[in-house]
Amino acid sequence: MTESSDTVTPRGQFITFEGGEGTGKSTQVAHLAVRLRAAGLTVTLTREPGGSAFAERLRAIILDQTVAPTSPLAQALSFYAARADHLDVIIRPALATNQWVLCDRFADSTRVYQGAAGGLDQAALGALDTLVVGDTQPALTILLDLDPKVGLARADRRRQTAATPGAFLRADTFEGRHLEFHQRLRDGFLALAKSEPHRIAIFDAFQNELVLADQIWRHVSARFRLAAS
Ligand code: T5A
């Protein structure tokens with residue numbers, strides 16, 4: 001006997017959020033999680049670098065300018081080491097139990113930060129990706145596109161409001177790079193989206209936060225045939 005379509009619980013999906021600094025990824029991941037939970041789905045919200053205990057330790061090292069690896073190859077190997085554990089401990093078990101996994105950055109960030117903008121050979125990155133990620137590729141990637149000047153200003157403002165009086169929070173390893181690097185990131189993400197239009201959907205991140213959240217929800221609910229609320 002087959003169930004009628006309105007009684008089927010949609011299979012868990014792997015959705016990633018990508019973009020440059022301060023484009024609003026963390027903000028929009030949280031909005032989508034609320035919408036999916038309201039639709040009765042179980043959501044695992046996670047991030048990269050990080051997500052698992054081991055990967056969070058590596059995150060602290062990678063994002064600390066005083067100890068972070070400087071070459072794009074050493075950076076990519078560090079991100080993939082963290083990613084391998086994150087996939088094993090968090091992402092694959094969640095998908096195996098039909099949860100929706102929302103991840104704030106994933107492998108496209110390595111392709112663009114260390115590859116397109118950092119100069120690391122894409123074939124080497126492809127080999128790493130096959131080894132570590134394999135079949136666990138995102139079903140959908142939400143790319144938040146924004147002028148880097150606006151994104152960096154937002155990231156700066158957030159850092160200032162997060163700082164306790166008298167404290168000074170430094171830009172991390174990548175935020176502190178020159179504007180031209182951030183423009184290469186934007187171009188790299190857009191080129192990647194052009195090469196994989198079925199997986200990567202581009203959204204204008206300059207829009208009002210809630211308008212953007214609505215747009216993303218409409219896209220996700222149509223794509224995975226969820227009842228839009
Ligand atoms: N990296 C990561 C690599 O180089 N290779 C890799 O493989 C991976 C995985 C991670 C760093 O590591 C690099 C990329 C990064 O440099 P991170 O701390 O996780 O560092 O930093 P980001 O992922 O860049 O996240 P940010 O915290 O900088 O920005 P978000 O998450 O894009 O933005 P968000 O949501 O925190 O918003 C920033 C500010 O803007 C406001 C928010 O309230 C907040 O104050 N805001 C808006 N303002 C106006 N309009 C809107 N629509 C807004 N949306 C949010």
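Structural data are supplied above this passage.
The model shown is predicted, which means the values in this text are computed figures rather than measured ones.

Asks: Quick question: what am I supposed to make of the environment of D121 here?
Replies: Its location among the elements puts D121 in the loop between helix 4 (107–116) and helix 5 (122–132). On the accessibility criterion, D121 (47% relative accessible area) is partly exposed. Each C-alpha atom, one on D121 and one on P72, is 9.6 Å from the other, the two residues being 49 residues apart in sequence.

Asks: Can you walk me through the sheet that holds strand 4 (residues 140–145) in this structure?
Replies: Whenever strands of a sheet pair, they do so through backbone hydrogen bonds, lying parallel or antiparallel. Strand order in the open sheet formed by 5 strands is 2-3-1-4-5, with parallel pairing between adjacent strands. The open sheet has two edge strands, strand 2 (43–47) and strand 5 (200–204), and neither has a second partner. Across the sheet, the mean angle from the axis of one strand to that of its neighbour is 20 degrees, orientation sign disregarded. Against the sheet, helix 7 (residues 179–195) makes contact with strand 1 (14–19), strand 4 and strand 5, and its axis sits at roughly 145 degrees relative to strand 4, the strand it touches most.

Asks: Explain the packing of helix 1 (residues 25–38) against helix 8 (residues 209–223) to me, please; I cannot follow it from the model alone.
Replies: In a pair of packed helices, the angle between the axes and the distance between the axes together describe the arrangement. Two elements in contact, helix 1 and helix 8, have axes separated by 10 Å at closest approach and are oriented at 55 degrees. By the criterion of interaxial angle, the relationship of helix 1 to helix 8 is oblique. As helix 1 packs across helix 8, the resulting crossing turns out to be right-handed. Facing T27, Q28, H31, L32, R35 and L36 of helix 1, the residues of helix 8 in contact are E209, L210, L212, A213, D214, I216, W217 and V220. For the contact of helix 1 with helix 8, the per-class residue count stands at 8 nonpolar, 3 polar and 3 charged.

Asks: Got a minute to help me understand the packing of helix 3 (residues 72–96) against helix 5 in this structure?
Replies: Orientation of helix 3 relative to helix 5, taken along the N-to-C sense of each, is 20 degrees, at an axis distance of 10 Å. Between helix 3 and helix 5, the angle is such that the two are roughly parallel. For the pair helix 3 and helix 5, the crossing hand works out as right-handed. Taken together, the residues of helix 5 that come into contact with helix 3 (itself represented by A76, L77, Y80, R83, A84, L87 and R92) are L125, L128, D129 and V132.

What counts and what doesn't
Residues numbered from 1 in each chain as written. Predicted model: local features only at pLDDT ≥ 70, side-chain atom pairs only at ≥ 80, totals over all residues. Heavy atoms only, no water. Helix = DSSP H or I, 4+ residues; strand = E, 2+ residues; numbered from the N terminus. Buried < 20%, exposed > 50% of the residue type's maximum accessible area, 1.4 Å probe, protein only. Pairing = 2+ DSSP bridges. Axes fitted to C-alpha atoms, helices over the stretch in contact; angles between N-to-C directions. Contact = heavy atoms within 4.5 Å. Parallel < 35°, antiparallel > 145°, perpendicular 65-115°, else oblique. Left-handed = near helix turned anticlockwise from the far one by under 90°. Nonpolar A, V, L, I, M, F, W, Y, C, P; charged D, E, K, R; others polar.

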